[in-house]
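# Commentary on secondary and tertiary structure
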Amino acid sequence: MKKITLSGISKSFGGSRALENVDLTFESGKIYGLLGRNGAGKTTLLKILYGILYPSSGRVLSDDKEIRINDNFLGNLFYVGEPDYFPVETSLRKLFSETKYFRPEFDTEYALSLTSLFGLDSSKSLRSLSTGQRTLFKDILALSSGASFIFLDEPILGLDANRRDILYRTILGKYNESPFTIVISTHLIEEISSIVEHVIILHEGRVVRDEPLDSLLASGYSVSGKKDAVRKYISGKSVMGIDALGGFECAYILGARQENGHQDELEFGRLSLQKIFVQMTGSKGGDDK
Amino acid sequence: MELRFEEERPIFLQLAEQLEDGILSGAFPEESQIPSTTEISVRFKMNPATALKGINLLVDDGIIYKKRGLGMFVSEGAVEKLSDKRKEQFFERFVCSMIEEARRLGISESDMIGMIRRGCAS
């Protein structure tokens, strides 16, 4: 399988729209960041991909073909949602061997080695784990799954800095060995920005950005200085948002940087993923006078 | 080699510059091997495509070269090439911007030269 495509996917729960006409393609061998605020539709999207939820309309395609029940589509994918789906009294070791039963490509040995790398006790039951440890359990399952498309939903939830560090290195180590597609869904952005190659930003059920990280970062810039100078400079330009601090302002602008003749009074900067994300997904009308 | 990345510039450029620093300081002597993209990717937690992009900048400049199946090595003459390049950058980044600022402040050429002498002497 070379790619998975979502075509015109919409999903409603009762009267509320969770996803609205989503078109996306996940290609093989890439690291994606699926970003959105809480409730943006990230988890719904992942669940539709994995067949846990049916879309209200739209299609999921594998290599441009409609997915059929007898395809080995799900064998290529791995997604773990809330670990509540697992029997909570069972030990991690047993859960690994049961996963192997359903998924012959599952690498039990690797799962156990990651378990000890992260300092988990494989004889413990899922119930006895803390939030962070449950997150790790999910991550270990995914990384050991042998799937070519892995979807990680909030893979760093509750993890301390040390373990996040080990996790990023583990993901990259595995990815370097044999590239697979990994879609990291999170609202904690800054840390993953050096890892991801392609960024998808979801906002209120819609895709607002879907492009390589490099081009996303190059799509705009920041300009800061005294309020009057900033206001004069940005008039007629496409402004994403403005941060104000007393008489000082920083504006975020879409388009190519035009510094000429303004270097004296204004300072120009590059956008970070975090800044772009906040500007693209902030509540509208926040232009405070 | 210790990489600390700032937000302001693309990571691949910063990686290329820090590798250059390593070559200039002798941490990576000429004809020695530099870390692979995999090592750089894992160690500094960056996408391997980013690491490759940074390394390819140095390959394009002839600072490092690839030995098929063995890895990447510092080219002979890389140090001289880099220090020439850095001197040129020194002129653009520091001298030109200093002159610009001096003009803005109304500092004359002779005053500026006097200040440089004073700085060198201290």
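Computed from a predicted model, the values in this text were never measured in an experiment.

We now examine the overall build of chain B. Of the regular secondary structure elements, chain B holds five helices and three strands. In sequence order, the secondary structure elements of chain B are arranged as α-β-α-α-β-β-α-α. Counting every position in chain B, which comprises 122 residues, the buried fraction comes to 28%. A sequence separation of at least 24 residues applies to 56% of the contacts in chain B between residues at least 6 apart. With the model as given, the accessible surface of chain B reaches about 7,700 Å², and the carbon-plus-sulfur share is 55%. With 17 positive and 21 negative side-chain charges, chain B shows a separation of 3 Å between the mean positions of the two kinds.

Quick look at the domain arrangement of chain A now. Along its sequence, chain A is organised into domain 1 (3-216) and domain 2 (220-270). Inter-centroid distance (C-alpha atoms) of domain 1 of chain A to domain 2 of chain A is 38 Å.

Angle between the axes and distance between the axes are the two parameters that describe a pair of packed helices. Residues and elements named next belong to chain B. One way to put it is that helix H1 (residues 11-24) packs onto helix H3 (residues 48-60) with a least axis distance of 8 Å and a crossing angle of 50°. As judged from the angle between their axes, H1 and H3 are oblique. Taken as a pair, H1 and H3 cross one another with a handedness that is right-handed. Residues Ile-11, Phe-12, Leu-13, Leu-15, Ala-16, Leu-19 and Glu-20 of H1 lie in contact with H3, whose contacting residues are Thr-50, Ala-51, Lys-53, Gly-54, Ile-55, Leu-57 and Leu-58. Among the residues making up the contact of H1 with H3, the classes are represented as 10 nonpolar, two polar and two charged.

With that settled, consider the environment of B:Lys85. All names here are of chain B. Here Lys-85 shows up in helix H4 (residues 78-105). With relative accessibility at 29%, the residue Lys-85 sits in the partly exposed group. Residue contacts for Lys-85: discarding those within four places in its chain leaves Glu-20 and Asp-61. For Lys-85, the side chain forms a polar contact with the side chain of Glu-20, separated by 2.6 Å.

Residues and elements named next belong to chain A. Contact pair helix H5 (residues 131-143) / helix H6 (residues 161-177): the axes reach a minimum separation of 12 Å and the direction vectors enclose 5°. Comparing their axes, H6 and H5 come out roughly parallel. Note on element contacts: H6 touches H5 through Arg-163, Leu-167, Thr-170, Ile-171 and Lys-174, opposite Gln-133, Leu-136, Asp-139 and Leu-143. For the contact of H5 with H6, the class distribution of residues is four nonpolar, two polar and three charged.

Glancing now at the pairing of strand E13 (residues 248-254) of chain A. For a regular strand, side chains alternate in direction, first toward one face of the sheet and then toward the other. Residue and element names in this part refer to chain A. Counting buried positions along E13 gives five out of seven residues, so the element sits mostly inside the fold. The pairing of strand E11 (residues 220-226) with E13 spans seven bridges and is antiparallel. Its bridge partner lying in E13, Lys-226 is registered against Phe-248. Where strand E12 (residues 238-245) lies against E13, seven bridges are found, and the strand directions are antiparallel. Bridge pairing in E13 places Ser-238 opposite Leu-254. Remark: two residues form the turn of the hairpin made by E12 and E13, two consecutive strands paired antiparallel; Gly-246 in that turn has positive phi of roughly 60°.

Procedures and definitions
Residues numbered from 1 in each chain as written. Chains lettered and ligands numbered in written order. Predicted model: local features only at pLDDT ≥ 70, side-chain atom pairs only at ≥ 80, totals over all residues. Heavy atoms only, no water. Helix = DSSP H or I, 4+ residues; strand = E, 2+ residues; numbered from the N terminus. Buried < 20%, exposed > 50% of the residue type's maximum accessible area, 1.4 Å probe, protein only. Contact = heavy atoms within 4.5 Å. Areas by Shrake-Rupley, 256 points an atom, 1.4 Å probe, with all protein chains shown as cover. Lys, Arg positive; Asp, Glu negative; His and termini not counted. Charge placed at Lys NZ, Arg CZ, Asp CG, Glu CD. Domains from an automatic or database assignment. Axes fitted to C-alpha atoms, helices over the stretch in contact; angles between N-to-C directions. Parallel < 35°, antiparallel > 145°, perpendicular 65-115°, else oblique. Left-handed = near helix turned anticlockwise from the far one by under 90°. Nonpolar A, V, L, I, M, F, W, Y, C, P; charged D, E, K, R; others polar. Polar contact = N/O pair within 3.5 Å; in protein donor to acceptor, adjacent residues only side chain to side chain. Pairing = 2+ DSSP bridges.

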